Amino acid sequence: MDIEIRADGTLHIEGYVNAVERDSRTVICPECGKCVEQIRAGAFGEALRAAKNVDILLNHDKERKLGSTSEGTLSLYEDSIGLRASADIRDADVISEARAGRLRGWSFGFKKLSSEIESRANTIPRRIVTSMALNEVSLIDDRYTPCYAGTSIELRADGETDEHELRSNEDEVHFSEVPEDKPEVHNEWCEPYLRMLEAEGG
């Protein structure tokens, strides 16, 4: 995860939310309990094409919305590695967390639309998510260390329930801060030389 605080104070973050075609650590899924999980290549891209909007949150907290694809502050796409995110954030608390080294990685919340279960000899099964609805992506901080994977049950407006699954991974963080432009330094000894270079087209 690359984190940069730009000269205008904007926090710019880029990184992979999740890799495709790669086993996760052990998770708990509704179909088979304890398993490893893969996201099939193309599932994120399909979900993004179907989504009208995806929000970016802090720690999956709907009260801490940091931006969205519809607002133009969040960009999401799937490439050969997985789901990649790029976000510009102006939330002062999150910027302070970035400066303090408290941001740990990405996470995403989704509803599984279809999946396959593979039995594996002498070990836990593998679930392959082949289609999903992408609900949100989140930045996670050190309050969610170690990162987690789980399922929550959400009550819809029509009284039915939805299984909302969360997947998080810590990531290596690369931090940089672009300094504000420094004022020009005027030196009486060098100014005549600079004027001479300008006159010569240098």
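What counts as what
Residues numbered from 1 in each chain as written. Predicted model: local features only at pLDDT ≥ 70, side-chain atom pairs only at ≥ 80, totals over all residues. Heavy atoms only, no water. Helix = DSSP H or I, 4+ residues; strand = E, 2+ residues; numbered from the N terminus. Buried < 20%, exposed > 50% of the residue type's maximum accessible area, 1.4 Å probe, protein only. Contact = heavy atoms within 4.5 Å. Arc of directions from axis to C-beta. Polar contact = N/O pair within 3.5 Å; in protein donor to acceptor, adjacent residues only side chain to side chain. Pairing = 2+ DSSP bridges. Axes fitted to C-alpha atoms, helices over the stretch in contact; angles between N-to-C directions. Salt bridge = Lys/Arg side-chain N within 4 Å of Asp/Glu carboxyl O.

Would you mind going over the overall build of the chain in detail, with residue names and values included?
Of regular secondary structure, the chain possesses 3 helices and 13 strands. By the burial criterion, 38% of the 202 residues in the chain qualify as buried. Residue pairs at least 24 apart in sequence account for 65% of intrachain contacts in the chain once pairs closer than 6 positions are excluded.

Residue-level account of unusual backbone geometry, with values.
Positive phi values are uncommon outside glycine, yet His60 reaches one of about 65 degrees. Mapped onto the secondary structure, His60 falls in the loop between strand S5 (55-58) and strand S6 (61-68).

Any details on helix H2 (residues 92-99)? Residues and values, ideally.
An α-helical turn contains 3.6 residues, so any two residues separated by three or four positions project in the same direction. Three or more residues of H2 are buried, namely Val94, Ile95, Glu97 and Ala98. Buried residues of H2 fall within an arc of 160 degrees about the axis and therefore sit on the same side. Exposed side chains of H2 directed beyond 90 degrees from the buried face belong to Ala92 and Asp93. With a side-chain oxygen lying 3.0 Å from the backbone nitrogen of Asp93, the N-terminal cap of H2 falls on Asp91. The first or second residue beyond H2 is Gly101, which carries a positive phi of 75 degrees.

So what's going on with the side chain of Gln38? Which residues, and what values?
Within the element layout of this structure, Gln38 appears in strand S4 (residues 33-39). Reaching out from Gln38, the side chain makes a polar contact with the side chain of Asp23 at a distance of 2.9 Å. In contact with Gln38, other than residues within four places in its own chain, are Glu21, Arg22, Asp23, Arg126, Arg127, Ile128 and Val129.

Help me get a handle on the sheet that holds strand S7 (residues 74-78), residues and values and all.
Pairing is mixed in the open sheet, where 5 strands are placed in the order S7-S8-S2-S1-S13. Only two strands of the sheet have a single neighbouring strand rather than two, namely S7 and strand S13 (174-177). Across this sheet, the average inter-strand angle for adjacent strands is 15 degrees, counted without regard to direction. Examined bridge by bridge, S7 and strand S8 (residues 82-89) share 5 bridges and lie antiparallel to one another. The residue of S8 that forms the bridge with Leu76 is Ala85. Across the face of the sheet, helix H1 (residues 43-50) comes into contact with strand S2 (11-19), S7 and S8 while running at roughly 135 degrees to S7.

Residue-level account of the environment of Ala19, with values.
Mapped onto the secondary structure, Ala19 falls in strand S2. Counting along the chain gives 20 residues from Ala19 to Ile39, while the straight-line C-alpha distance between them is 7.5 Å. Excluding residues that lie within four positions of it along the chain, Ala19 makes contacts with Ile39, Ile81 and Gly82.

Describe the pattern of salt bridges, with residues and values.
In total, this model carries 21 salt bridges according to the counting rule given. With its nearest N and O atoms 3.2 Å apart, the salt bridge here joins Arg84 to Glu14. Taken together, the residues span a long stretch of sequence, with Arg84 in strand S8 and Glu14 in strand S2 at a distance of 70 residues. The class for Glu14 is partly exposed, based on a relative accessible area of 27%. One salt bridge connects Glu37 with Arg127, and the closest N-O pair in it is separated by 2.7 Å. Taken together, the residues Glu37 in strand S4 and Arg127 in strand S10 (residues 126-141) connect sequence positions 90 residues apart. The same class applies to Glu37 and to Arg127, which are both buried.

Report on the pairing of S10, specifying residues and quantitative values.
A large share of S10 lies buried, amounting to 14 of its 16 residues. In this sheet, S10 lies alongside S4 in parallel orientation, the contact comprising 4 bridges. Each bridged residue has a counterpart across the sheet, and for Glu37 the counterpart in S10 is Arg127. Pairing between S5 and S10: 4 bridges, direction parallel. Its bridge partner being in S10, Asp55 is matched across the sheet by Glu136.

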